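Structure assessment
Residue-level listing of the chains:
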Amino acid sequence: MEVKIVSKILVSGLINIETTLNIGKFPYDYTPVRYEFDKVGSSVSGVGYNVAKALKTLSDDVLFNSIIGKDQLSEMVIDVLKNEGIKTENILKLLKETPQSVILYDNKGKRSINVDLKNIQETEYPEEIFVNSIKKSDMVVLCNINFSRKYLKLAKDLGKIIASDVHAISYLEDEYNKDFMKYPDILFMSDENIKNPENFIKETYNKFKNKIIVIGLGKKGALIHDADKNEIKHFKAVDVRPIVNTIGAGDSLFSSFLHFYAKGKDSYEALKKAIVFAGYKIGEKSASKGFLTENELEKYI
């Protein structure tokens, strides 16, 4: 009988209220009024929330640090987190309003993401709470939001495994994301703005020496560079079920990889499982829905 390993993982990242709309196809033609029955949905989402929920679904012990507003939407956030068994004591109401997003997507799964962060980028997270969270954790996932930034070096100094996802980046000197690329042991990104992903992985490793670098390639799968293996490996995508919306695909790939890697799995094995996890997830409208448990995932594998 396999011993179940439960990892304690700190996630620091964005929570927002997400509204999705199926527009059929891009470009979206103008018309004054549309009645879009069963095509509009709203839910709690955001990169931090998506990662925390995916890890929780996979049975990790999740500490979640985030900032929300002093508004009615924040009550919805807290209720949803409690219902999902995610601890809420480190979800702080420091903003005037809770961030929101509107996502348009077509019948092929392409999406246009519109995010309103409110005043979150100017708001700091209390240091004492954050330091205690880092000390309690086996792995620290610091999403690329400003209130996570100052804790990258601290987590590194405390010897914690650090993971971050910089999403659709295009150059290494990106001023906003430079810290989130410099400190992590595990670095994820998307190929959306990268012309040559294999060269970009080489350049990233030469500059930052991250232990593991993964570039999500969408329908082409993913590339990984593991410094211990000293090679770049390509893993193909898999068709798990019909694609509805690709929003959140990167978050699900990232979080499921971290789950299996934290359990001691080989990086290649962890990525293979993560690709199946993400392949199933994109059969849902919302970025925060469609996560499999580990037992469910094994059946698909």
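All of these numbers come straight from a predicted model, not from anything done at the bench. (Residues numbered from 1 in each chain as written. Predicted model: local features only at pLDDT ≥ 70, side-chain atom pairs only at ≥ 80, totals over all residues. Heavy atoms only, no water.)

Looking at the element boundaries, Ile232 is found in strand S13 (residues 231-235). Taking the relative accessible area as the measure of exposure, Ile232 reaches 24% and is therefore partly exposed. Residues Ile232 and Ile282, 50 residues apart in the sequence, show an inter-C-alpha distance of 26 Å. Here Ile232 is in contact with Glu198, Ile201, Lys202, Leu223, Ile224 and His225, once residues within four sequence places are set aside. (Helix = DSSP H or I, 4+ residues; strand = E, 2+ residues; numbered from the N terminus. Buried < 20%, exposed > 50% of the residue type's maximum accessible area, 1.4 Å probe, protein only. Contact = heavy atoms within 4.5 Å.)

Of all five residues that make up strand S9 (residues 161-165), four are buried, and the element is covered over most of its length. One ladder, built from three bridges, connects strand S8 (residues 139-142) with S9; its direction is parallel. Residue pairing for S9: Met139 is matched across the bridge by Ile161. (Pairing = 2+ DSSP bridges.)

Read across the sheet, four strands follow the order S3-S2-S6-S7 without closing on themselves; strand pairing throughout is mixed. Strand pairing shows two members of the sheet lacking a second neighbour, strand S3 (40-45) and strand S7 (111-116), which therefore form its edges. Ignoring which end each strand starts from, the neighbouring axes of this sheet average 20° apart. Examined bridge by bridge, strand S2 (residues 16-24) and strand S6 (residues 100-106) share seven bridges and lie parallel to one another. Within the sheet, the bridge partner assigned to Thr20 lies in S6 and is Ile103. Taken strand by strand, helix H2 (residues 72-83) contacts S2, S3 and S6, and its axis lies near 70° from that of S3. (Axes fitted to C-alpha atoms, helices over the stretch in contact; angles between N-to-C directions.)

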